[in-house]
Amino acid sequence: MKPQEIENESFRIIDSEAGAHGFPADQWPVVRRMIHTSADFEWQLMTQLHPDAIRIGVAAIRRGCPIVTDTNMARVGIRQRDLDRFGGVVHCYMTDARVAETAVREGITRAKAAVDVATSEIEGGIYVIGNAPTALLRLIELMDRGQARPELVVGLPVGFVNAAESKALLMERDVPHITNVGRKGGSNVAAAVINALIIMAGQDKP
């Protein structure tokens, strides 16, 4: 089978096994791609989407908004070639010298320091967190202070310490977000969310 045939058949199987999932038509393509990436139907049960997340995310991508990620794995997983048509660029600051200096000087994680460095890029953009709860907690802190104003937050950190808690805090905010309940997450799933939005942004676009 050709790659597109494999993907199409995978989606057919997911749709069949998912049954009556309850997600609106604009949200299901995102959740379905999360399931497709992980082969995990639990995403059907634990994914939480702000009512404006899809509309805002697609519009931001069409405007060529910056996308900031907390890992290079998420960065390379996002389809830059498809994003190019909108003029968007994906950034990851984890290896930035300023991040390393800040982390050492302040005794914090690089993920947290990277959020501080990326603050100017967050304005009007999409922040994608697939690994570090400390990054999501710092982003929420900056948003609460009015120092960070992302259009959309994809908050899917994974782990046993503060992963579930950071996502619970995100769900309490009115900023458009895509996240989940619990410890599961991952950069691959976070990238899949953005790829789904990129595909949707390209549909019916002149």
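Residues numbered from 1 in each chain as written. Predicted model: local features only at pLDDT ≥ 70, side-chain atom pairs only at ≥ 80, totals over all residues. Heavy atoms only, no water.

Looking at an unreviewed UniProt entry, the protein carries the name Precorrin-8X methylmutase, with the source organism given as Desulfosarcina ovata subsp. sediminis. Taken from UniProt, the Sequence similarities (unreviewed entry) comment for the protein reads in full: "Belongs to the CobH/CbiC family." (UniProt positions renumbered as here; feature names shortened; annotations may be inferred.)

### Focus: the overall build of the protein
Summing up its helical and strand segments, the protein has 12 helices and six strands in all. For 206 residues, the compact-globule estimate of 2.2 N^0.38 gives 17 Å, and the protein sits close to it at 16 Å. Taken along the three principal axes of its C-alpha coordinates, the protein extends 50 × 35 × 30 Å. For the protein, with 206 residues in total, the buried portion stands at 50%. Taking the intrachain contacts of the protein between residues at least 6 apart in sequence as the baseline, contacts between residues at least 24 apart amount to 65%. Accessible surface for the protein amounts to roughly 9,700 Å². Of this, 51% is attributable to carbon and sulfur atoms. For the protein, the distance from the average site of its 23 positive side-chain charges to the average site of its 25 negative ones is 3 Å. (Helix = DSSP H or I, 4+ residues; strand = E, 2+ residues; numbered from the N terminus. Rg over C-alpha atoms; globule rule 2.2 N^0.38 Å. Buried < 20%, exposed > 50% of the residue type's maximum accessible area, 1.4 Å probe, protein only. Contact = heavy atoms within 4.5 Å. Areas by Shrake-Rupley, 256 points an atom, 1.4 Å probe, with all protein chains shown as cover. Lys, Arg positive; Asp, Glu negative; His and termini not counted. Charge placed at Lys NZ, Arg CZ, Asp CG, Glu CD.)

### Some details on the pattern of salt bridges
In a structure, side chains of opposite charge can pair up when their charged atoms sit close to one another. Tallying each qualifying case throughout the model produces 17 salt bridges. Residue D116 pairs with R138 through a salt bridge whose shortest N-O separation is 2.6 Å. Highlighted residues: D116 in helix α8 (residues 110-117) and R138 in helix α10 (residues 133-145), separated in sequence by 22 residues. For R138, a relative accessible area of 13% puts it in the buried group. (Salt bridge = Lys/Arg side-chain N within 4 Å of Asp/Glu carboxyl O.)

### Examining the nonpolar core
V30, I67, I126, V154, I194 and L197 are the most contacted members of the largest nonpolar core, which totals 39 residues. Those elements giving two or more residues to this core turn out to be α1 (3-18), α2 (28-38), α3 (43-46), α4 (53-62), β4 (126-129), β5 (152-155) and α12 (187-202). Of the residues forming this core, the biggest block, 10 residues, is contributed by α12. With sequence-adjacent residues up to four places away left out, I126 is seen in contact with G57, A60, I61, C65, P66, I67, V68, L152, V154 and I194. By size, the runner-up hydrophobic cluster in this structure holds 24 residues, among which are V115, Y127, A132 and V175. (Core = buried A, V, L, I, M, F, W, Y, C linked by side-chain atoms within 4.5 Å.)

### Observations concerning the UniProt feature "domain: Cobalamin biosynthesis precorrin-8X methylmutase CobH/CbiC" (unreviewed entry) in the protein
Following the UniProt record, the feature "domain: Cobalamin biosynthesis precorrin-8X methylmutase CobH/CbiC" (unreviewed entry) maps to residues 5-199 here. End C-alpha to end C-alpha, residues 5-199 measures 17 Å, and it is 55% helix and 11% strand.

### Quick word on the pairing of β5
In β5, alternate side chains face the same way, and those of L152 and V154 on one face and V153 and G155 on the other are all buried. Where β4 meets β5, four bridges bridge the pair, whose relative direction is parallel. Following the sheet pairing, I129 is matched in β5 by G155. For the handedness criterion, the β-α-β arrangement of β4, α10 and β5 is classed as right-handed. Relative to strand β6 (residues 177-180), β5 runs parallel, the two being bridged by three bridges. Pairing of G155 across the sheet is with T179, part of β6. In the classification by handedness, the crossover that spans β5, the intervening helix α11 (residues 163-172) and the parallel β6 is right-handed. (Pairing = 2+ DSSP bridges. Right-handed = clockwise from strand over helix to strand, strands pointing away.)

### Structural notes on α2
All of the buried residues in α2 are W28, V30, V31, R32, R33, M34 and I35. Downstream of α2 by a residue or two, A39 has a phi angle that is positive, lying close to 55 degrees.

### Brief notes about helix α7 (residues 97-106)
Counting along an α-helix, one turn takes 3.6 residues, and residues three or four places apart therefore face a common direction. Within the span of α7, buried status applies to V99, T102 and A103. Taken end-on, α7 shows its buried residues confined to a sector of 100 degrees, consistent with a single buried face. Turned more than 90 degrees away from the buried face of α7, the exposed residues are A97, V104 and R105. Contacts made by the buried residues of α7 are with α8. Capping the start of α7 is the job of one residue whose side-chain oxygen sits 2.7 Å from the backbone nitrogen of R98: D96. (Arc of directions from axis to C-beta. Polar contact = N/O pair within 3.5 Å; in protein donor to acceptor, adjacent residues only side chain to side chain.)

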